[in-house]
Protein chains: 2
Amino acid sequence: MENNVACGVGMEEDEMDLPPGFRFHPTDEELISHYLYNKVIDINFSCIAIGDVDLNKSEPWELPYEGKAKMGEKEWYFFCIRDRKYPTGVRTNRATEAGYWKATGKDKEIYRGKCLVGMKKTLVFYKGRAPKGEKTNWVMHEYRLDRKFPTHNLPKRAKVNK
Amino acid sequence: MENNVACGVGMEEDEMDLPPGFRFHPTDEELISHYLYNKVIDINFSCIAIGDVDLNKSEPWELPYEGKAKMGEKEWYFFCIRDRKYPTGVRTNRATEAGYWKATGKDKEIYRGKCLVGMKKTLVFYKGRAPKGEKTNWVMHEYRLDRKFPTHNLPKRAKVNK
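Only a predicted model underlies this, so the values are computations on that prediction, with no experimental measurement involved.

Caption draft 1: Expanded view of the sheet that holds strand β6 (residues 115-127) of chain A. All names here are of chain A. Read across the sheet, three strands follow the order β5-β6-β7 without closing on themselves; strand pairing throughout is antiparallel. Since the sheet does not close on itself, it has two edges, and those belong to β5 (99-112) and β7 (134-145), each with one partner. On average, each strand axis in the sheet is tilted by 20° relative to the strand beside it, whichever way the strands run. Of the strands in this sheet, β5, β6 and β7 touch helix α1 (residues 28-41), which is tilted by about 70° from β7.

Caption draft 2: Examining the interface of chain A and chain B more closely. Each side of the interface is counted separately: chain A has 18 residues, and chain B has 18 residues. When chain A packs against chain B, the two sides together hide about 1400 Å² of surface, and 63% of this comes from carbon and sulfur. Contact with chain B buries surface across chain A, with Pro20, Phe22 and Arg23 of chain A losing the most and accounting together for 42% of the total. Summed over the shared surface of chain A and chain B, the result is two salt bridges. Among the ionic pairs, Glu30 of chain A bridges to Arg23 of chain B, the shortest N-O distance being 2.9 Å. Counting across the interface, chain A meets chain B through ten residue pairs in polar contact (both at pLDDT 80 or more).

Caption draft 3: Seen up close, the side chain of Asp28 of chain B. All names here are of chain B. You can see Asp28 is positioned in helix α1 (residues 28-41). For Asp28, a relative accessible area of 16% puts it in the buried group. Setting aside chain neighbours within four positions, we find Asp28 in contact with Lys108, Ile110, Lys120 and Tyr143.

Caption draft 4: Quick peek at the relation of the copies chain A and chain B. In the superposition of chain A on chain B (RMSD 0.0 Å, axial shift 0.0 Å), the rotation amounts to 180°. Taken together, the turn and the small shift mark the pair as related by a two-fold rotation axis. By C-alpha distance to the rotation axis, the residue of chain A lying nearest is Arg23 of chain A, at 2.9 Å. Counting the interface residues of chain A, we find that 100% of their copies in chain B are interface residues as well, pointing to one common contact surface.

Caption draft 5: Layout of the environment of Phe45 of chain A. Residue and element names in this part refer to chain A. Within the secondary structure, Phe45 sits in the loop between α1 and β3 (51-52). What makes Phe45 buried here is its relative accessible area of 19%. The sequence separation of Phe45 and Gly105 amounts to 60 residues, and the corresponding C-alpha distance is 31 Å. Apart from residues lying up to four places away in sequence, Phe45 is in contact with Tyr35, Asn38, Lys39 and Phe79.

Caption draft 6: Quick peek at the sheet that holds strand β5 (residues 99-112) of chain B. Residue and element names in this part refer to chain B. The strand order across the open sheet formed by three strands is β5-β6-β7, and the pairing between neighbours is antiparallel. Single-partner strands in this sheet number two, and they are β5 and β7 (134-145). Looking at each pair of strands side by side, their axes are set apart by 20° on average, direction ignored. With nine bridges joining them, strand β6 (residues 115-127) and β7 adopt antiparallel strand pairing. Note that in β7 the partner of Thr122 across the bridge is His141. Lying over the sheet, α1 contacts β5, β6 and β7, oriented at roughly 70° with respect to β7.

Caption draft 7: Spatial organisation of the pairing of β6 of chain B. Residues and elements named next belong to chain B. Bridge analysis of β5 against β6 gives eleven bridges, and the strand direction is antiparallel. Of the residues in β6, the one forming a bridge with Ile110 is Gly118. Between β5 and β6, which pair antiparallel in sequence order, lie two residues; one of them, Gly113, sits at a positive phi of approximately 65°. With antiparallel pairing between neighbouring strands as the criterion, β6 and β7 make up a hairpin whose turn holds six residues, including Gly128 at a positive phi of roughly 95°.

Caption draft 8: Geometry of the pattern of salt bridges. Residue and element names in this part refer to chain A. Tallied over the full model, the rule gives 18 salt bridges over all chains. Asp28 is paired through a salt bridge with Lys120; the nearest N and O atoms lie 3.2 Å apart. Of this pair, Asp28 sits in helix α1 while Lys120 sits in strand β6, and the two are 92 residues apart along the sequence. Residue Asp28 shares its accessibility class with Lys120, and that shared class is buried. Among the salt bridges present, the one from Lys39 reaches Asp52, with a minimum N-O distance of 2.9 Å. Placement of Lys39 in helix α1 and of Asp52 in strand β3 is noted, with a sequence separation of 13 residues between them. Each of Asp28, Lys108 and Lys120 takes part in salt bridges that share partners, so that together they form one network.

Reading guide: rules and limits
Residues numbered from 1 in each chain as written. Chains lettered and ligands numbered in written order. Predicted model: local features only at pLDDT ≥ 70, side-chain atom pairs only at ≥ 80, totals over all residues. Heavy atoms only, no water. Pairing = 2+ DSSP bridges. Helix = DSSP H or I, 4+ residues; strand = E, 2+ residues; numbered from the N terminus. Axes fitted to C-alpha atoms, helices over the stretch in contact; angles between N-to-C directions. Contact = heavy atoms within 4.5 Å. Buried area = accessible area lost by both parts, 1.4 Å probe. Salt bridge = Lys/Arg side-chain N within 4 Å of Asp/Glu carboxyl O. Polar contact = N/O pair within 3.5 Å; in protein donor to acceptor, adjacent residues only side chain to side chain. Buried < 20%, exposed > 50% of the residue type's maximum accessible area, 1.4 Å probe, protein only. Least-squares fit on C-alpha atoms with pLDDT ≥ 70 in both.

Structure below.
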């Protein structure tokens, strides 16, 4: 859960009845220390601006964006539970049926004032299978909480000692 | 009135009680065809996102921004009535006590679909008096309605024939 990602869903600002010109344009810090934090401490947390999506089951061009499309927005946001490549490993599975997300550049540290709250990874979508995938114009920013972020009140998974 | 400008005031999103990450980030087209248009057809039009300012009486660093400052926003918006250099001329007076706004680059045409709705001019603030002013980092975008914009329902000023 600590490595949930927050990226692109359907803003549906219409539902909020905002005046023209108002939109969801969060800073990296807001995404992490408000939205992602709330999602991590409570998986049932939901908000109008960010939907839930299974990234491994959705191609980028299938990602739901509803209201967004009408408004011509090119960026939108969603929560996604991290899928592991192997049950016992730490590597993240970012493949879909048609291709895969590949990291590019260096992860960026996100601060709230002087406090490191999380990291931002930039990924590009490739069609096909690595290493022969074909690069596309789809870009995703993946946010994760910093390990030291105060999540001591997280619901813990019970351990069973055999 | 047709050349009113819409630029930088105090957003005070707090008053709207918006969730984190929501802010006033209008497109050029929204600024012109919604906000500026409404202001031009009714000088009493007011909105939470855009205040009224006399640009000739405010130095850039004095422009009111209230809520904005708290949020660390670096851009804000206001309406301003165009001041003419000479009563009978068409040139705009953009001087303040401490300096002046000088146009840079070419005006940009702003479209709504295929319809030209207005123009966007970029200005830089210089301290002192032209041509010896000292360039600063303050930038302003000035919007004006296109002459062909449907303002036939504008309140007309009565003409007195002597």
